[in-house]
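# Secondary and tertiary structure notes
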Amino acid sequence: MSRKKKVLAIVLAGGEGKRLMPLTEDRAKPAVPFGGGYRLIDFALSNLVNSGYLQIVVLTQYKSHSLDRHLSETWRLSTQLGNYVASVPAQQRRGKDWFLGSANAIFQSMNLIDDADPDIVVVVGADHVYRMDFADMVDFHINSGAKATVAGVRQTMDMVTSFGVIETDPNDVSKISRFVEKPQSTAPLPDDPNAFLASMGNYVFDRDALVEALRYDEQQEGTKHDMGGDIMPYFSDRGEAAVYDFTNNNVPGSTDRDRQYWRDVGTLDSYYDSHMDLIRPLPVFNLYNYSWPLYTHQIMAPPAKTVRGPNGQPGVALDSIVSPGVLITGGRVESSVLASKVVVEHDARVSESVIMQNVRVGAGAQVHRAIIDKNMVIPPGATIGINKEEDLARGFTVTDSGLTVAPKNFKFER
């Protein structure tokens, strides 16, 4: 049914991503690299394109240069067929303010809805890792008769203060009775006493209903102009909101192990943990599902290579992702994700780490449980993630869990 409706997709990509500092010091959160060769925004865009939705606008704001460049180099659809992925910055069309919230971002960009003239508007976030068929959610929305539908993912009760919480009508579990941001408690699901439905930040709206809600929100005092905090309660209070349970979404090529995977990579630890999910022998999230491909910019680089170092020690990579252009010359890599053009020299050891593009790990250096951003040269014999005080003295970030994060373009003192 959704194929007969005209759909416009809006990707909210203006987030500042303060909790991911220093990874967001020089880039927008959706532009943060992920999984060796992707950017976070590639997951949202790949899901939309695979769902058949090829008219997409990306609303940007903070530090958007690398994001804009990635979109222009990677996401070029056939304009002859009326398809596009368009990057749209804050334009102050409704006054002198920048985007004041996710809802205000759409309100200020109302001309995009007017120009596309859709029946349905799909609104998604740009910084989650998951696979999802949005066409199935749109079909559900249309059949429900609701004016607004939010996708809900099951989370354990101890996470209730971290998400927008969806409470459903006891007589109709597809109907939202209350939508509240990060409450102290909530009732569990009827079929799982240890779970609740958390908002995934993905929405489907009837076009006219969304426009009306955005205009109403703009006139209110005390609003945060937020899609979850203000727009969804607007619809749920009127009995016009439905919830689409992500449990029911079946993507081609998915398995029982990874079908319901969804990770909000809003913190350094969750960003790191989601990388570790990729490299398990049986990965919790499978990058190799060719029936629902993940698209990104293809780096021009030679194949990865492992060779012996000058002392005859073999280059080794175990339980790791090794991207094009990686060269391991007598070093050892374990349980790590290496982006393109990383070099690991002889006797160096990289373990349980995420190494971004164009990093050189010098001979005998050690990197353990760390995220190393782009363009760093780690001197021979240096250590990262071994000595907390030493890392802090260099200006690195060390999380409460002991994860060390080194910023982009960092240079060691000579």
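Here the structure is shown first, and the text comes after it.
Bear in mind that the values here come from a model prediction, so they are computed numbers and not experimental data. (Residues numbered from 1 in each chain as written. Predicted model: local features only at pLDDT ≥ 70, side-chain atom pairs only at ≥ 80, totals over all residues. Heavy atoms only, no water.)

## Here's the deal with the pairing of strand S11 (residues 195–206)
Applicable threshold: To sort residues, take the accessible area from a 1.4 Å probe on protein chains only and compare it with the maximum for the residue type: under 20% means buried, over 50% means exposed, and anything in between is partly exposed. Helix numbers and strand numbers start at the N terminus; a helix is a DSSP run of H or I with at least 4 residues, a strand a run of E with at least 2. Here, any two strands with at least 2 DSSP bridges between them count as paired.
Among the 12 residues of S11, 11 are classified as buried, and the element is accordingly described as predominantly covered. Sheet analysis places strand S6 (residues 120–125) next to S11, joined by four bridges and oriented antiparallel. Residue pairing for S11: Ile-120 is matched across the bridge by Asp-206. Sheet analysis places strand S8 (residues 148–156) next to S11, joined by eight bridges and oriented antiparallel. Bridge pairing in S11 links Val-150 to Tyr-203. Across two bridges, the pairing between strand S9 (residues 164–169) and S11 is antiparallel. Pairing of Val-165 across the sheet is with Ala-198, part of S11.

## With respect to the packing of helix H1 (residues 41–50) against helix H2 (residues 65–74)
Definition in use: Angular values range over 0 to 180 degrees, each being the angle between N-to-C directions of two axes fitted as lines to C-alpha atoms, with helices fitted over their stretch in contact. Two helices crossing with the near one rotated counterclockwise from the far one by less than a right angle form a left-handed crossing, whereas a clockwise rotation gives a right-handed crossing. In this analysis, two residues are considered to be in contact whenever any of their non-hydrogen atoms come within 4.5 Å of each other. Classification used: nonpolar for Ala, Val, Leu, Ile, Met, Phe, Trp, Tyr, Cys and Pro, charged for Asp, Glu, Lys and Arg, polar for all others including Gly.
Interhelical geometry of H1 versus H2 gives an angle of 35° and a closest axis separation of 12 Å. Crossing handedness for the pair H1 and H2: right-handed. Only Leu-67, His-70 and Leu-71 of H2 make contact with H1, whose side of the interface consists of Ile-41, Asp-42 and Leu-45. Residues of the contact of H1 with H2, tallied by class, amount to four nonpolar, one polar and one charged.

## Details of the packing of aromatic side chains
How two aromatic rings sit relative to each other is set out by the distance from centre to centre and by the angle between their planes. Our working rule: Two aromatic rings, drawn from Phe, Tyr or Trp (for Trp, its six-membered ring), form a pair once their centres lie within 6.5 Å of each other, and the interplanar angle then sorts them: stacked below 30 degrees, edge-to-face above 60, tilted otherwise.
Applying the stated criterion across every chain yields a total of 15 aromatic pairs. With a centroid separation of 5.5 Å and an interplanar angle of 65°, the aromatic rings of Phe-140 and Tyr-244 are classed as edge-to-face. Here Phe-140 is found in helix H5 (residues 134–144), whereas its partner Tyr-244 is found in strand S12 (residues 241–245), with 104 residues between them in sequence. Taking relative accessible area as the criterion, Tyr-244 reaches 2% and is therefore assigned buried. Relative to Phe-412, the ring of Phe-396 lies with its centre 6.5 Å away and its plane at 85°, an arrangement referred to as edge-to-face. With Phe-396 in the loop between helix H9 (388–393) and strand S28 (397–398) and Phe-412 in the segment after strand S29 (404–406), the pair connects residues that are 16 residues apart, well separated along the chain.

## Here's the deal with helix H6 (residues 207–219)
To keep it simple, the criterion reads: In this analysis, the expected span of each helix is defined as 1.5 Å times one less than the number of residues it contains.
With 13 residues, H6 should reach 18 Å at 1.5 Å per residue; the first-to-last C-alpha distance of 19 Å fits that figure. Every buried residue of H6 is accounted for by Arg-207, Ala-209, Leu-210, Val-211, Ala-213, Leu-214 and Asp-217. If you follow the buried residues of H6, they end up packed against helix H3 (102–108), helix H4 (110–116), S6, S11 and helix H7 (227–237).

## Things to note about the side chain of Asn-104
Threshold: Under this definition, polar contacts are N or O atom pairs within 3.5 Å; protein pairs additionally need one hydrogen-donor-capable and one acceptor-capable atom, and for neighbouring residues in sequence, both atoms have to be side-chain atoms.
Relative to the helices and strands, Asn-104 resides in helix H3. Owing to a relative accessible area of 2%, Asn-104 belongs among the buried residues under this scheme. Within polar-contact distance, the side chain of Asn-104 engages the side chain of Glu-218 at 3.1 Å.

## Quick look at the pairing of S12
In terms of burial, S12 is a largely internal element, five of the five residues being buried. Side chains Ala-241, Val-243 and Asp-245 project from S12 onto one buried face, and the interleaved Ala-242 and Tyr-244 project onto a second face that is buried too. Where S8 lies against S12, five bridges are found, and the strand directions are parallel. Opposite Ala-151, over in S12, you have Tyr-244 as the bridge partner.

## Let's talk about empty space enclosed by the protein
Selection rule: Here a cavity denotes grid points, spaced 1 Å and computed from the protein atoms alone, that fit a 1.4 Å probe unable to get out, and a pocket denotes an open set having protein on both sides within 12 Å along at least 5 of 7 lines; residues with an atom within 4 Å of a point are the lining. Grid points are joined across faces, edges and corners, and a volume is the space filled by probe spheres set on the points.
Counted by the stated rule, this structure contains one cavity of 30 Å³ or more. As a volume, the largest cavity reaches approximately 50 Å³. Taken together, Arg-131, Ser-254, Asp-258, Arg-259, Tyr-261, Phe-285 and Asn-289 make up the lining of the largest cavity. For the lining of the largest cavity, the residue count by class is two nonpolar, two polar and three charged.

## Here's the deal with the layout of surface pockets
There is about 1600 Å³ of room inside the largest pocket. Taken together, 49 residues make up the lining of the largest pocket; nearest its centre are Arg-19, Lys-29, Asp-127, Asp-226 and Asp-264. Secondary-structure elements contributing two or more residues to the lining of the largest pocket are strand S1 (7–13), H3, S6, strand S10 (172–181), S11, H7, strand S13 (262–264) and helix H8 (268–278). Ranked by residues supplied to the lining of the largest pocket, first place goes to S11 with four residues. Looking at the lining of the largest pocket residue by residue, the class counts come to 18 nonpolar, 18 polar and 13 charged.

The values are spatial; any link to function lies outside them.
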